Amino acid sequence: MPALEKGDVIAVMGDFKDPNRLISAAKSIHAAGYTKFDIYTPYPVHGLEKAMGVPKTSLPKFALAGGLFGLLCAFALQYWTGAIEYKLNIGGKPLFAPQFGVPVFFELTVLCTGLTVFFVMFGYLNRLPNWHSKYQYDEGFQAATDDNFCVVLEANDPRFTVENAQELLRRLGADNVRVVHETIEQD
Amino acid sequence: MNAVIIASSSFVQKLRMYSMIALGIGSAGMAVAALLDTGRFLQAYLIGYIYFAGITVVAMFFATLQFLVNAGWSALVRRIPEIFAGFLPIVLVGMIPIVADVWITHKLYHWADPHVYEPGPHFDEILALKRGYLNPIFFTIRLVLYAAIWFATYRLIIVNSFKQDESNTDYTPTRLNMKRSAPFVLLFALSLTFAGFDLVMSLDPHWFSTMFGVYFFAGNFVSTLSLIAIFVVVLRKQGLLKGVTDEHYHDIGKFMFAFTVFWTYITFSQYFLIWYGNLPEEALFFIARAHGNWQFLGYGLVFGHFIVPFVTLLTQNNKRNPKVLVMVGSWILFMHFIDLAFIILPNFSPTLHLGWQDMVSWLMFAGLFFFTVARQLQTRSIVAINDPYLKESLELVS
């Protein structure tokens, strides 16, 4: 393991054990005007995004665009191969007809929508893959994969000061409120 | 919690009044239609009958399904389909004119005419081979069997659900329903499939489609959901169904959306295989419907029964918007009528003849249906007050 060294303050964190108090805390943090904060939980907590004031995702727009693109591709593929480039008379059926095109329209629409959603959501909206988190050395943060709800007030929030953030989290009933420093790895 | 009786509300009063008006106009129109042309009267009767019989039976299935899967979200709105199920006695009595026609007048079902089995100008070789299944005696036995299954479902599941209202400590009725629902869902699937075969598909006795049962179910299910959605929105707006939130709208909207897609999927699958196979005995159904002016009804269905509800219900906001839900619901109910006309009427006429008879038939059955609903609401609680899942439904977050 490389040697570790402390850097600047990057966040103030607090732990919660109870999902209901977590939701009311999220509401209060949002009401206090914080925009750069996040909550890490071991499982999806219903209603948490709403309490945090997370804006609606733009994913559906990408999904629609992806789906229409797939539909267009399916149409072009079948029309071009069937009626332009490789004309084959099969059982007296028309060279191209929407009837037999539908399964392919459907499949390519679904495929393109699915792939678009997958890549846009993970790659573009969530910036994955990401092999590390700057908080990964914090024990409470690590416990968020097990039995802890970890609230992180990030230092790059315009309202952030160490004292205010600590005071807010303590007032909301967070345990183990702590200041987290950047960890610099020395090779 | 006490039973929520909304008998004195203006909603029930109005429902009762308008349904009586509809019933009056409808029955007068049907009487005229019967005097003018018995055959045309019976065709119209069948459309109106199938429309509301389908909603009633599927509403029972919907309630049964909620017990089968221990659904929590729907406990608050489940009483609405249970009240729709109260139309069942009229559904059973309504079979009588159809059975009478099969035995006496032979206007609806070509196979019921004994001449097609006897050597002579009307002899039909195919029907002679199908006689073992398509004959008046077996047809009547089958209808009685469906009636028995549906009646048993009503007595054993729906009435049992009403029984739960009486006690908030003893959950035996609900427990029983959870056990009983499984065999009844199976029986429902079989009875509705075969009722679709017998009452609708056999109008064209040469034609057959193994997908017809599920096609018939899909259309009925999406219209039942639409009617439930409309009732939930109106009752909430009138302040009669407290506790309903946008989350319930959202869930019903998702259901409507899903089954709009399901209907399209099934309808297209049936069409697609027949179109591709192009076998004369299967294609004749679509040859009658894809030529002449019936085809406009067909395109209308693609547009109206699929594209319009699909696009409208696609977004989350629309599913949660009561106005949109009522509009799409009414539209789907209208399209379901067109769908039934498209299935039933081309058997009798090569050109489009959707007439006033069909409208008055619908009006008559609608009047009867909503009158029964209003009557049920006189004594029945609009909320399943002691349902163990009611609390979960009230706290629903989707």
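Structure's up top.
In this text, all values refer to a predicted model and were calculated from it rather than measured experimentally. (Residues numbered from 1 in each chain as written. Chains lettered and ligands numbered in written order. Predicted model: local features only at pLDDT ≥ 70, side-chain atom pairs only at ≥ 80, totals over all residues. Heavy atoms only, no water.)

Caption draft 1: Looking closely at the layout of surface pockets. Residues and elements named next belong to chain A. By volume, the second largest pocket is sized at about 340 Å³. What lines the second largest pocket is a set of 17 residues, among which Thr35, Lys36, Phe37, Asp38 and Glu154 lie closest to the centre. Here the residues of the lining of the second largest pocket sort into seven nonpolar, six polar and four charged. (1 Å grid on protein atoms, 1.4 Å probe; cavity = no way out; pocket = protein on both sides within 12 Å on 5 of 7 lines; lining within 4 Å. Points joined across faces, edges and corners; volume = space filled by probe spheres on them. Nonpolar A, V, L, I, M, F, W, Y, C, P; charged D, E, K, R; others polar.)

Caption draft 2: Representation of the pairing of strand S2 (residues 37-40) of chain A in the model. Residue and element names in this part refer to chain A. The two faces of S2 differ: Phe37 and Ile39 on one face are buried, but Asp38 and Tyr40 on the other face are not. For S2 and strand S3 (residues 149-154), the ladder comprises four bridges, and the chain directions are antiparallel. Following the sheet pairing, Asp38 is matched in S3 by Val152. (Buried < 20%, exposed > 50% of the residue type's maximum accessible area, 1.4 Å probe, protein only. Helix = DSSP H or I, 4+ residues; strand = E, 2+ residues; numbered from the N terminus. Pairing = 2+ DSSP bridges.)

Caption draft 3: Layout of unusual backbone geometry. All names here are of chain A. With an omega of 0 degrees, the peptide bond running from Leu128 to Pro129 counts as cis. If you trace the backbone, Pro129 turns up in the loop between helix H4 (98-125) and helix H5 (139-143). Phi at Asn176 is positive, roughly 55 degrees, even though this residue is not glycine.

Caption draft 4: Looking closely at the side chain of Ser381 of chain B. Residue and element names in this part refer to chain B. The residue Ser381 is located in the loop between helix H15 (356-379) and helix H16 (390-394) in this model. Here Ser381 falls in the buried class, since its relative accessible area comes to 4%. Here the side chain of Ser381 touches Val383 through a polar contact of 2.7 Å, landing on its backbone oxygen. (Polar contact = N/O pair within 3.5 Å; in protein donor to acceptor, adjacent residues only side chain to side chain.)

Caption draft 5: Fine view of the interface of chain B and chain A. Every contact between the two is made by nine residues of chain B and, on the other side, nine residues of chain A. At the boundary of chain B and chain A, one finds zero salt bridges. Summed over the shared surface of chain B and chain A, the number is three residue pairs in polar contact (both at pLDDT 80 or more). Put simply, the parts of the chain that give the side of chain B that touches chain A at least two residues each are helix H10 (246-277) and helix H13 (316-319) of chain B. Broken down by class, the residue content of the side of chain B that touches chain A amounts to six nonpolar, three polar and no charged. (Contact = heavy atoms within 4.5 Å. Salt bridge = Lys/Arg side-chain N within 4 Å of Asp/Glu carboxyl O.)

Caption draft 6: Expanded view of the environment of Ala75 of chain B. Residues and elements named next belong to chain B. Structurally, Ala75 can be placed in the loop between helix H2 (38-68) and helix H3 (79-84). Its relative accessible area of 1% is what places Ala75 among the buried residues. In this structure the C-alpha to C-alpha distance between Ala75 and Gly24, which are 51 residues apart in sequence, comes to 35 Å. Beyond its immediate sequence surroundings of up to four residues, Ala75 is in contact with Ala384, Asp387, Tyr389, Leu390 and Ser393.

Caption draft 7: Looking closely at the pattern of salt bridges. One pass over the full model with this rule turns up 13 salt bridges over all chains. Among the salt bridges present, the one from Asp15 of chain A reaches Arg178 of chain A, with a minimum N-O distance of 3.2 Å. Of this pair, Asp15 of chain A sits in strand S1 (residues 3-16) while Arg178 of chain A is found in strand S4 (residues 175-186), placing the two residues 163 residues apart along the sequence. Arg178 of chain A matches Asp15 of chain A in its accessibility class, with the two residues each being buried. When the shortest N-O distance is used, the salt bridge between Asp358 of chain B and Arg40 of chain B registers 2.6 Å. With a gap of 318 residues between them, Asp358 of chain B in helix H15 and Arg40 of chain B in helix H2 connect regions that are remote in the sequence. For the pair formed by Asp358 of chain B and Arg40 of chain B, the shared burial category is buried. It is possible to trace a salt-bridge network through shared partners that takes in Arg78, Arg79, Glu82, Asp165 and Asp387 of chain B.

Caption draft 8: Spatial organisation of the nonpolar core. Ranked by size, the top nonpolar core spans 135 residues in total, and within it Tyr49, Tyr109 and Phe231 of chain B carry the most contacts. For Phe231 of chain B, the contacting residues outside a window of four places in its chain are Phe11, Leu15, Ile80, Phe84, Phe370 and Val373 of chain B. One finds Ile39, Leu168, Leu169 and Ala174 of chain A within the second-largest nonpolar core, a separate group that totals 24 residues. (Core = buried A, V, L, I, M, F, W, Y, C linked by side-chain atoms within 4.5 Å.)

Caption draft 9: Quick peek at empty space enclosed by the protein. All names here are of chain B. Under the definition given, this model contains five cavities of 30 Å³ or more. A volume near 70 Å³ is recorded for the largest cavity. Taken together, Tyr49, Ile50, Ala53, Gly54, Val57, Trp150, Leu192, Ala195, Leu199 and Phe216 form the lining of the largest cavity. Those elements that provide at least two residues to the lining of the largest cavity are H2 and helix H8 (172-200). Among the elements that make up the lining of the largest cavity, the one with the highest residue count is H2 (five residues). In the lining of the largest cavity, the residues fall into nine nonpolar, one polar and no charged.

No statement about biological role is implied by the geometric values presented.
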